[in-house]
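The lines below spell out each chain.
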Amino acid sequence: ERCFCVIWPKIEVSTYEIFMDEELTRNSHNITIRDFLEGNSRNDLESVTRKRYPAVDRAVNWLSQFGDARMTGSGAAIFVAVERESDGRDILKSMPEEFDGFVTCSMNVHPLLDVR
């Protein structure tokens, strides 16, 4: 199980606009979940989104002070892994007002697995 602090600027990012951008790299190798969890991946959409949406760039820069901040999909959410849920809550306490956020933790086993 891992916990994450997730923030986003209070804007919407057009996925269509990002995918239509001529600067989008389209030749990345496929990755596995294991690659992602080990930090062996990148988000090809991030550089385009950060360039087109300065608020996303500010969010990535701000959250990066707490670890390896990564953008979700085409944005605008940014996340960073935290040791404990309380660490994520501490990050949110210092978050600039231009962002919103929450803390979440993953599950290794779905809670309905044993329901019959």
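A brief report on the enclosed structure follows. Just so we're clear, the structure is a prediction, and the values are computed from it rather than from any experiment.

1. With respect to helix H4 (residues 54-63)
Two residues of an α-helix separated by three or four positions point the same way, owing to the 3.6 residues in each turn.
Stage number 1. Within H4, the full set of buried residues consists of Ala55, Val56, Ala59, Val60, Trp62 and Leu63. The buried residues of H4 occupy an angular sector of 165° when the element is viewed end-on, so they sit on one face.
Stage number 2. Residues of H4 that are buried make contact with strand E1 (3-9), helix H3 (46-52), strand E2 (70-71), strand E3 (78-82), helix H5 (85-93) and strand E4 (99-105).

2. Considerations on the packing of aromatic side chains
Stage number 1. Under the definition given, this model contains 4 aromatic pairs.
Stage number 2. Arranged with centres 5.1 Å apart and planes meeting at 65°, the rings of Trp62 and Phe66 form a pair that is edge-to-face.
Stage number 3. We classify Trp62 as buried; its relative accessible area is 15%.
Stage number 4. Among the aromatic residues, those joined into a cluster by ring pairs are Trp62, Phe66 and Phe99.

3. Things to note about the sheet that holds E3
Adjacent strands of a sheet form backbone hydrogen bonds with each other and so pair up, either parallel or antiparallel.
Stage number 1. The strand order across the open sheet built from 4 strands is E2-E3-E1-E4, with neighbouring strands paired in antiparallel fashion. The open sheet is flanked by E2 and E4, the only strands paired with a single partner.
Stage number 2. Summarising the sheet, E1 and E4 pair through 7 bridges and their orientation is antiparallel. Its bridge partner lying in E4, Cys3 is registered against Cys105.
Stage number 3. Sheet strands in contact with H4 are E1, E2, E3 and E4, and its direction is about 150° off that of E1.

Parameters and conventions
- Once a new chain begins, its residue numbering starts again from 1 and follows that chain's sequence as written.
- Per-residue local features are limited, in this predicted model, to residues with pLDDT of at least 70; the limit for side-chain atom pairs, both in listing and counting, is 80 or more; totals at the level of whole chains, interfaces and linings are taken over all residues.
- To obtain the side-chain values, all non-hydrogen atoms of the structure were used and water was disregarded.
- The cut-offs for exposure are 20% and 50% of the maximum accessible area for each residue type, with area from a 1.4 Å probe on protein chains only; residues under the lower value are buried, those over the upper are exposed, and the others partly exposed.
- Only runs of H or I of at least four residues qualify as helices and only runs of E of at least two qualify as strands under DSSP, and these elements are numbered from the N terminus.
- To obtain the arc, one takes the directions from the helix axis to the C-beta atoms.
- Every residue pair with non-hydrogen atoms within 4.5 Å of one another is taken to be in contact.
- Each Phe, Tyr or Trp ring (for Trp, its six-membered ring) is paired with any other whose centre lies within 6.5 Å, and the angle between the two planes then decides the class: stacked below 30 degrees, edge-to-face above 60, tilted in between.
- Any two strands with at least two DSSP bridges between them are considered paired.
- Axis definition: a line fit to C-alpha positions, over the contact stretch in the case of helices; interaxial angles, taken between N-to-C directions, run 0 to 180 degrees.

Fair warning: the whole summary comes from geometry, so function is off the table for now.
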